[in-house]
Amino acid sequence: MKPTQSLNILAITALASTVLSASAQTPPAEALINKLVAKGVLTDSEAKELLTETTTTNQVSASKWKMSDAIKSIGLYGDIRLRYEYRGADNAPGSGASESTYQRERFRYAVRLGLRGDLFDNFYYGLRVETSSNPRSPWVTFGDDSNPTPSAKTSDTVGIGQVYLGWRAANWLELTVGKMPMPLYVTPMIWDSDINPEGAAEKFKYSIGDVDLFATFGQFMYQDSNPDNSFPSSDTFLLAWQVGANVKLAKDVSLKIAPVLYTYTGQGQNNGLNHPFSGQGLNGLNPNTSGYNQNGINDLLVLETPAEFNFNVGQHKARVFGDFAYNFSGDSRARAAAAATALEGGLPYAVTGQNKAYQVGVGFGNLGLVYGQTSKKNTWEARVYWQHIEQYAADVNLLDSDFFDGRANLEGVYAAFAYSFTDSIIGTIRYGYAQPINHQLGTGGNNLDLPILNPIKDYNLLQLDLTWRF
């Protein structure tokens, strides 16, 4: 059995044990029985007999399931999601291939199941398992298994999504290590929300009146080279440096802004990280060769500035939000791309000035419902934004794999509406449309959902989701 399979089995066993132990623990019934005696429903002898039976049952349950003395609290959480998805795009003109359309219609599901809670002395923990081994997507497609028989399980894998320990060292300092929930304040423009960075993070906070100041520093393992000859210089790290503020301007009115600088260290040895990114395609295809590399992280020094302005409109919450990113090494990234592709018949010159990205949008209603972060019966949220990501502006390995297919050199609109049928059941519809920004360039990025198109145009995405959140 592979080590990853063993970890998955252990994680699933731990989760199942918690569910069973929770169901076996019956709350004390003595108070209820005493009330029934006082109202004359039970006699004293009947009450004594019933209390004895209840106590015996609880003792048997406790003897079977016992929580470790090291655990202060434990909670089960997660979600189950079902989805219909249409995703399609065309070859862009001038790609070297005849124009064609690539379309996918899929019924999919995703499961995330986790434990989290507090340990003693201000420590905390988290463990979550989820479907799919793709770091940017927990989704599994019905019927896509290599086994030709119906309802096979070849692709229905389970992986470790999160495993971390944290320490609230002081009321102003929090430290976390492991594969953790995103500790930074970011948007899907730069970070896919399904990515859980691995490494360490330090969070600082301090309040002055109505101003909450915060800073977060992250040291995330990007790639561990194999063989590892000289830790850590041969490994690739993504370093993040964020400072920000959340300012309360009036009742129900606030402004949040938090610039973050990303730098990279180490020399990636695998998956094309050590080859210059080009983002170009070859005859409409998207091969990860040295000449047409889609994964390179060369020449990236990115400053991202997410922000949001929150206020109320009547009884509803509203938010105007945005994000702006600039790669200070974008022109060097463009020149490296031109040098790498010139020998392969690509552009003989660098297309510079393609080094910025931005997003601007509005949200209205029960904010967070679109992303399944909250739910309350009969509430809703509408959200729309415009997004623009130039070819050399960001790390394409981190971009949201849905909007817009994890690609650079695309701009377009995203819209979503969610409604909560109950306190835990949410229905969501999402739509996205995008076109290339610069038709001289490819649509750089590597995504398995539409792997054969680069450049692409007229990108369309429609998703219908039903989510049970707990």
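Remember, it's a predicted structure, so these values are computed and weren't measured experimentally. (Residues numbered from 1 in each chain as written. Predicted model: local features only at pLDDT ≥ 70, side-chain atom pairs only at ≥ 80, totals over all residues. Heavy atoms only, no water.)

Peer 1: What is the right way to read the overall build of the protein from this model?
Peer 2: Looking only at helices and strands, the protein features 4 helices and 18 strands. Here the protein holds 470 residues, and the buried ones make up 45% of them. (Helix = DSSP H or I, 4+ residues; strand = E, 2+ residues; numbered from the N terminus. Buried < 20%, exposed > 50% of the residue type's maximum accessible area, 1.4 Å probe, protein only.)

Peer 1: Please explain a nonpolar patch on the surface as it appears in this structure.
Peer 2: On the surface, a nonpolar cluster with roughly 440 Å² of combined accessible area is contributed by L249, L255, F309, V320, V362 and V384. Its place among the elements puts L249 in strand β9 (residues 236–250). (Patch = residues over 30% accessible without salt bridge, like charges linked within 9 Å, V, L, I, M, F, W, Y side chains within 5 Å. Areas by Shrake-Rupley, 256 points an atom, 1.4 Å probe, with all protein chains shown as cover. Salt bridge = Lys/Arg side-chain N within 4 Å of Asp/Glu carboxyl O.)

Peer 1: Can you help me understand the pattern of salt bridges in this one?
Peer 2: Oppositely charged side chains are able to pair whenever their charged atoms sit close together. Across all of its chains, the model carries 19 salt bridges by this definition. Note that D449 and R87 form a salt bridge whose closest N and O atoms lie 3.6 Å from each other. In this pair, D449 is assigned in the loop between β17 (425–436) and β18 (456–469) and R87 in strand β1 (residues 75–91), connecting sequence segments 362 residues apart. Both residues of the pair, D449 and R87, belong to the buried class. The salt bridge involving D465 is made with R430; its shortest N-O contact spans 2.6 Å. Highlighted residues: D465 in strand β18 and R430 in strand β17, separated in sequence by 35 residues. Assessed through its relative accessible area of 7%, D465 is described here as buried. Judged by its relative accessible area of 10%, R430 falls in the buried class.

Peer 1: Looking at this structure, I do not really get the nonpolar core. What am I missing?
Peer 2: Note on soluble globular proteins: their nonpolar side chains tend to be buried together. Of all hydrophobic cores here, the largest spans 31 residues; its most connected members are L184, I190, W191, L238 and Y262. At the level of secondary structure, the elements contributing two or more residues to this core comprise β9, β11 (260–265) and α4 (330–342). Per-element tally for this core: the top contributor is β11, with 3 residues. In this structure W191 touches M182, L184, V186, F220, L238, Y262, E304 and L398, once residues within four positions along its chain are discounted. The next biggest cluster of nonpolar side chains, apart from the first, holds 18 residues, and it includes A89, V370, Y385 and L453. (Core = buried A, V, L, I, M, F, W, Y, C linked by side-chain atoms within 4.5 Å. Contact = heavy atoms within 4.5 Å.)

Peer 1: Can you walk me through the environment of G266 in this structure?
Peer 2: Summarising the element assignment, G266 is placed in the loop between β11 and β12 (302–313). Residue classification places G266 among the partly exposed residues on the basis of a relative accessible area of 35%.

Peer 1: What's the story with the packing of aromatic side chains in this structure? I'm lost.
Peer 2: Between two aromatic rings, the relevant description is the distance of the centres plus the angle of the planes. Per the stated rule, a full pass over the model turns up 22 aromatic pairs. A centroid spacing of 5.5 Å and a plane angle of 55° characterise the contact between Y84 and F107, whose relative ring orientation is tilted. In this pair, Y84 is assigned in strand β1 and F107 in strand β2 (residues 101–118), connecting sequence segments 23 residues apart. By relative accessible area, Y84 is classed as buried at 19%. Look at F123 and W167: their rings are 5.5 Å apart centre to centre, the planes differ by 10°, and that puts the pair in the stacked class. Within this pair, whereas F123 is found in strand β3 (residues 123–131), its partner W167 is found in strand β5 (residues 158–170), the two being separated by 44 residues in sequence. According to the relative accessible area criterion, F123 is partly exposed, its value standing at 36%. Counting every residue linked through ring pairs, the aromatic cluster contains F321, Y385, F403, F404, Y414 and Y459. Lying over the aromatic face of Y77, R116 brings its terminal NZ or CZ to 3.7 Å of the ring centre. (Phe/Tyr/Trp six-rings, centres within 6.5 Å; stacked < 30°, edge-to-face > 60°. Lys NZ or Arg CZ within 6 Å of the ring centre and 35° of its normal.)

Peer 1: What exactly am I supposed to notice about the confidence of the model for the protein here?
Peer 2: As a note on interpretation, predicted positions should not be read in detail where pLDDT is low. Per-chain confidence: the protein averages 85 in pLDDT, with 81% of residues scoring 70 or above. Counting contacts from residues 19–27, a segment whose pLDDT is below 50, to residues more than four positions away or on other chains yields 6 contacts. (pLDDT = per-residue confidence, 0-100.)

Peer 1: Any chance you could explain α4 here in plain terms?
Peer 2: Taking 1.5 Å as the rise per residue, α4 with 13 residues should run 18 Å; its terminal C-alpha atoms sit 18 Å apart, in good agreement. Considered for burial, the residues of α4 that qualify are G330, R333, A334, A336, A337, A338, A340 and T341. On its buried side, α4 packs onto β13 (316–327). (Expected span 1.5 Å × (residues − 1).)

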